[in-house]
Amino acid sequence: MITCIHIVLPSQMISRERSGKSFPLGSPATLTTSSHCWRKRPISSPSALSFTRTLSTARRQENSRTRFTRHLFLPYSPQADITCPGFLEYHERLQTFLMWFIETASYIDADDDHWDFFLVFEKYKKDGETLYATVGYMTVYNYYVYPDKTRPRVSQMLILPPFQGEGHGAQLLEAVHRFYCSLPKVQDITAEDPSESYVKLRDYVLVKFCQGLQSFAVDKLHLGFSADMAKEAQDQLKINKKHARRVYEILRLRATDMSDEEKVREYRLEVKKRLFGPYRKNQRELTKMRKCLRPEELVSHMDQMDTQTQHEELEKSYQVVVEDYRRIIERIATQA
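A. Geometry of the overall build of the chain. Looking only at helices and strands, the chain has 13 helices and 9 strands in total. For the chain, the proportion of its 336 residues judged to be buried stands at 43%. Put simply, of all contacts in the chain between residues at least 6 apart along the chain, 70% involve residues at least 24 apart.

Below is the structure:
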């Protein structure tokens, strides 16, 4: 079946209505101790959502026999987030999922008006009533950047297991990125202590954005990472230099003829130049330790900073990075 995915900006969210009554989310009226009743009851978000306008629509092929619509609800204004009836109660319940699926997760102070909340729902009908099942969500904190900018930092992102593997995480991150790109006061977009899976997802989304930029054209990739690339990514897409560098490496790998040994060597050296940063720091630290430590104290540190060991670790890091890059390139190619 064809599924329409709409990205919309909500103006308000109200609590669940049942039998003509409105119950705060998390109240006894919404709970059950019967596993049989729990399995039969739909797990949904509020039964009514009011939104203002559709920002974009995508059509996707689904294998499911049921036709449904999924919506990405972009953030309220900071004041509306807190004051919308039932929202704080809803968020309080929603963030408990973090403890089940994300290591080292912690709750946030939702009363702070620097938070933005991005919600994803599946819209469906049951017994003639429109319901919204929670698919996932993201929280972003807006940090101050001197003198008059902000730096949105992704704090939490979760797509619930039944909806994973369907591209909703990538679409959510892409929608959030486009939203902040439209705000002139935003300096760049970052993430707080990102996991490996999030970094790979971000690489995929940013490559999709940057592959159309003039400075990332194929004929310019083999000239190396340039200041023009960093500037255009920053100005047009709010991407900082570190992330733009990874995008460059992925696009250059895609443009590199792997049958040409010289081009492959040039690419390998270009990537290892970036990866060597931490090892260069270790060498500086070793130089300092030689001046301060006794020979017997220096032995244990020498083993960790041995040149041969560093070269082996660098090669392993390079192979892991290239393998991740290839997966991203394959994913983009399959969706072209």
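What follows continues from the structure just given.
B. Seen up close, the packing of aromatic side chains. Counted by the stated rule, this structure contains 7 aromatic pairs. Taken together, a centroid distance of 5.2 Å and an interplanar angle of 75° make the contact between Phe179 and Tyr180 edge-to-face. Measuring from centroid to centroid gives 5.6 Å for Phe225 and Tyr248, while their planes differ by 50°, and the two rings are tilted. On the criterion of sequence distance, the pair formed by Phe225 in the loop between α7 (218–221) and α8 (227–237) and Tyr248 in helix α9 (residues 241–255) is long-range, its members being 23 residues apart. On the basis of relative accessible area, Phe225 is assigned to the buried category, the value being 19%. Exposure remark for Tyr248: the relative accessible area of 0% places this residue in the buried category. An aromatic cluster of at least three residues, connected via ring pairs, comprises Trp115, Tyr141 and Tyr143. Cation over ring: Arg153 sits above Tyr143, and NZ or CZ is 4.6 Å from the ring centre. Taking NZ or CZ as reference, Arg331 lies 3.9 Å from the ring centre of Tyr204, over its face.

C. Molecular detail of helix α5 (residues 168–181). Helix length check: α5, at 14 residues, gives a terminal C-alpha distance of 20 Å against a target of 20 Å (1.5 Å per residue), a fit within 8%. Among the 14 residues that make up α5, 11 are buried, leaving the element largely enclosed by the rest of the structure.

D. How the structure looks around the nonpolar core. By size, the foremost hydrophobic cluster in this structure holds 68 residues, and its most contacted members are Met138, Leu172 and Phe216. Apart from residues no more than four positions distant in its own chain, Phe216 is found in contact with Cys210, Leu221, Met229, Ala233, Ala244, Val247, Tyr248 and Leu251.

E. Region of the structure containing the pattern of salt bridges. A full pass over the atoms with the stated rule returns 16 salt bridges. With a shortest N-O distance of 4.0 Å, Arg265 and Glu262 are connected by a salt bridge. Here the residue Arg265 and the residue Glu262 both occupy positions in helix α10 (residues 261–275), the gap between them amounting to 3 residues, near one helical turn. Overall, Glu262 belongs to the partly exposed group, its relative accessible area being 42%. Linking Lys273 and Glu270 is a salt bridge whose minimum nitrogen-to-oxygen distance equals 3.6 Å. Of this pair, Lys273 and Glu270 both sit in helix α10, 3 residues apart, which is roughly one turn of that helix. For Glu270, a relative accessible area of 13% corresponds to the buried category. Here the residues in one salt-bridge network are Arg245, Glu249, Glu270, Lys273 and Arg274, joined through shared partners.

Here is what the cut-offs are and how they apply
- Residues numbered from 1 in each chain as written.
- Predicted model: local features only at pLDDT ≥ 70, side-chain atom pairs only at ≥ 80, totals over all residues.
- Heavy atoms only, no water.
- Helix = DSSP H or I, 4+ residues; strand = E, 2+ residues; numbered from the N terminus.
- Buried < 20%, exposed > 50% of the residue type's maximum accessible area, 1.4 Å probe, protein only.
- Contact = heavy atoms within 4.5 Å.
- Phe/Tyr/Trp six-rings, centres within 6.5 Å; stacked < 30°, edge-to-face > 60°.
- Lys NZ or Arg CZ within 6 Å of the ring centre and 35° of its normal.
- Expected span 1.5 Å × (residues − 1).
- Core = buried A, V, L, I, M, F, W, Y, C linked by side-chain atoms within 4.5 Å.
- Salt bridge = Lys/Arg side-chain N within 4 Å of Asp/Glu carboxyl O.

Such coordinate-based values are descriptive only and should not be taken to indicate function.
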